[in-house]
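Listed here are the chains, written in short residue letters.
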Amino acid sequence: MENNTSATESILLVDDNPTNLQVLFQTLEGVGCKLLIAKNGEMALSIAGKALPDLILLDIMMPDIDGYEVCRQLKSNPTTFDIPVIFLSALGDTEDKVKGLQLGAVDYITKPFQPDEVIARVNTHLTIHRLNREVESQKDQLEHELEIVSEVQRKLLPKQLPEIEGFKLGVHYETSRYAGGDYYDIIELSDNRYGFLMADAEGHSAPAAVLMAMTCALFRSYPGSADDPASVLHYLNEHLCKVADPSFMTALYIYYDANLQTMQIARAGHPLPMIYRNSDQTAAEISCPGVYPLGIEPYEIEIPVTEVKLQPGDRFLVYTDGLTERFNREGRTYGEERLLQTLAADSTPDPQAVIAAIMANVVQFADGHPADDDQALLLGIVQAKRHF
Amino acid sequence: MEISQKEENGIVSIAIKGRLDADSSLEAEQVVKEALGGDTNRLLFNLGELEYLSSAGLRVLLSAAKEMRRRDGKIVLCALNEFVKEIFEVSGFQSLIPITESVESGIEALS
């Protein structure tokens, strides 16, 4: 590698012996960096903290604060911990080298040194440090951009849940990273009728967020009749097939008539919806047959539609698999059984309270293991009928 | 996850053990891609010791199935345990990729 260091880079040379410092200075004069010098450990720490050099060549054997201690202090200070340190010492034992490297030094040069070797190593570590900084800054930039994606994504979700006569809704939505692939939406049709969509793009973060946004755009521009769940899924699939490959999107679409309290459900690869029946106080999955997920290939069969009649006190839950596939420390998943039990546990008519109980149960189960997928739930509870 | 592959009588077999999830799917994808490097058009997945499969894992299998279809070839998934089989049923993937009870019946289906 030729001399390609930038003039704005600086190297701090630390040695208590003036002759050594001079030799080192002369050796590195041609590298093209600003050279700073320190004659003892205390000075080294002070200059490093202020000037934040790009590299430090550090002698070990010094009175008062020795090189090991300087290194330890640099590495424990958040402003200096990432400055690469090369130890430079007459100590040639393997043990000393190991000790230096364990303290976080990037390299070790034994005195008396060969000038060419010092220059080569310095150049190498300056390059590594520069690349590291670039990666860090690109990572920050990327995270920043993902945060913006996430903000946009939140705006795509319904701002508030509709007030549906006799059917109270609650929701929970969280992404495992900045942006996610889960999506829920609700459209209001005329005359107390509604369409609910719950969908989950395979994967998470930016690629899933793109699919999610696209599904949202498609769903909201659906030209057909939203009271026909099979048509809605056919439409979404037709368009997602053009763009989703190799990914896909699972989805549940539910048409709900609040007058009749009936649901019509169509399912594309999505986890089965769950229902808690107030009459026998048990919760179960609704075994609705379905088709494979959206975005793979056109459906050549009719998409089955399952009709469900709800009764007062019934709870209807749709969710994404980030919830049931949430792992705990032992590597077990939360699973459908626990979710059914929690769905049945509480007798409150408030869906948001039931969701809070479910999420608390999931978090307790996970026992500190972080969520590695997005999680969304939409829960509706049929309210007791008013008597006139 | 542990993944291995071999070729016998013109059939490429890929055995996946443990968990095929978001973390391991990249490695699995790479192995599948390499295994399909030649012009093979008979692909068998031995999933007898697959314990867990996430949607990222489904994507790996789906990509392989699409590739075999492009080649006018055949693919089969064999010996799924109950849990994995249920994932295939609920997700509707059983209508996209053929499944057999055992490796032997899988080989037969490919012949």
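Treat the numbers as computed from the prediction; the structure is a model and nothing was measured.

Describing the packing of helix H1 (residues 22-35) of chain B against helix H2 (residues 55-70) of chain B
Residues and elements named next belong to chain B.
Then step 1. The interhelical angle for the contact between H1 and H2, taken along N-to-C directions, is 15°, at an axis separation of 8 Å. Between H1 and H2, the angle is such that the two are roughly parallel. Crossing of H1 over H2 shows right-handed handedness. Contacts between H1 and H2 involve Ala22, Ser25, Ala28, Glu29 and Val32 on the former and, on the latter, Ala56, Arg59, Val60 and Ala64.
Then step 2. Taken together, the residues of the contact of H1 with H2 sort by class into six nonpolar, one polar and two charged.

Examining helix H6 (residues 205-220) of chain A
Residues and elements named next belong to chain A.
Then step 1. Counted at 1.5 Å a residue, the expected span for H6 with its 16 residues is 22 Å, and the 22 Å between its end C-alpha atoms agrees.
Then step 2. Among all positions in H6, only Ser205, Ala208, Ala209, Leu211, Met212, Thr215, Cys216, Leu218 and Phe219 are buried.
Then step 3. On its buried face, H6 is in contact with helix H5 (115-156), strand S6 (167-174), strand S7 (182-189), strand S8 (193-201), helix H7 (229-240) and strand S9 (249-257).

Comments concerning the interface of chain A and chain B
Then step 1. Taken together, the contact pairs 21 residues of chain A with 18 residues of chain B.
Then step 2. Buried surface at the junction of chain A and chain B, both sides included, amounts to about 1,500 Å², of which 55% is carbon and sulfur.
Then step 3. Joining chain A to chain B, the criterion identifies three salt bridges.
Then step 4. Two residues, Arg59 of chain B and Glu202 of chain A, come together in a salt bridge whose shortest N-O distance is 2.8 Å.
Then step 5. Applying the counting criterion to the chain A and chain B interface returns five residue pairs in polar contact (both at pLDDT 80 or more).

Overview of the pattern of salt bridges
Then step 1. Under the definition given, this model contains 23 salt bridges over all chains.
Then step 2. Between Arg121 of chain A and Asp107 of chain A there is a salt bridge, with its nearest N and O atoms 2.9 Å apart. Of this pair, Arg121 of chain A sits in helix H5 while Asp107 of chain A sits in strand S5 (residues 107-110), and the two are 14 residues apart along the sequence.
Then step 3. A residue is classified by how much of its surface remains accessible, and Arg121 of chain A, at 28% relative accessible area, is partly exposed.
Then step 4. Arg59 of chain B is paired through a salt bridge with Glu29 of chain B; the nearest N and O atoms lie 2.8 Å apart. Pair noted here: Arg59 of chain B is in helix H2 and Glu29 of chain B is in helix H1, with a separation of 30 residues, a long-range link.
Then step 5. Its relative accessible area of 25% is what places Glu29 of chain B among the partly exposed residues.
Then step 6. Within this structure, Glu9, Asp54, Arg130 and Arg133 of chain A form a network of salt bridges that share partners.

Rules used throughout
- Residues numbered from 1 in each chain as written.
- Chains lettered and ligands numbered in written order.
- Predicted model: local features only at pLDDT ≥ 70, side-chain atom pairs only at ≥ 80, totals over all residues.
- Heavy atoms only, no water.
- Axes fitted to C-alpha atoms, helices over the stretch in contact; angles between N-to-C directions.
- Helix = DSSP H or I, 4+ residues; strand = E, 2+ residues; numbered from the N terminus.
- Parallel < 35°, antiparallel > 145°, perpendicular 65-115°, else oblique.
- Left-handed = near helix turned anticlockwise from the far one by under 90°.
- Contact = heavy atoms within 4.5 Å.
- Nonpolar A, V, L, I, M, F, W, Y, C, P; charged D, E, K, R; others polar.
- Expected span 1.5 Å × (residues − 1).
- Buried < 20%, exposed > 50% of the residue type's maximum accessible area, 1.4 Å probe, protein only.
- Buried area = accessible area lost by both parts, 1.4 Å probe.
- Salt bridge = Lys/Arg side-chain N within 4 Å of Asp/Glu carboxyl O.
- Polar contact = N/O pair within 3.5 Å; in protein donor to acceptor, adjacent residues only side chain to side chain.

Scope: geometric values only; no functional claims are made or implied.
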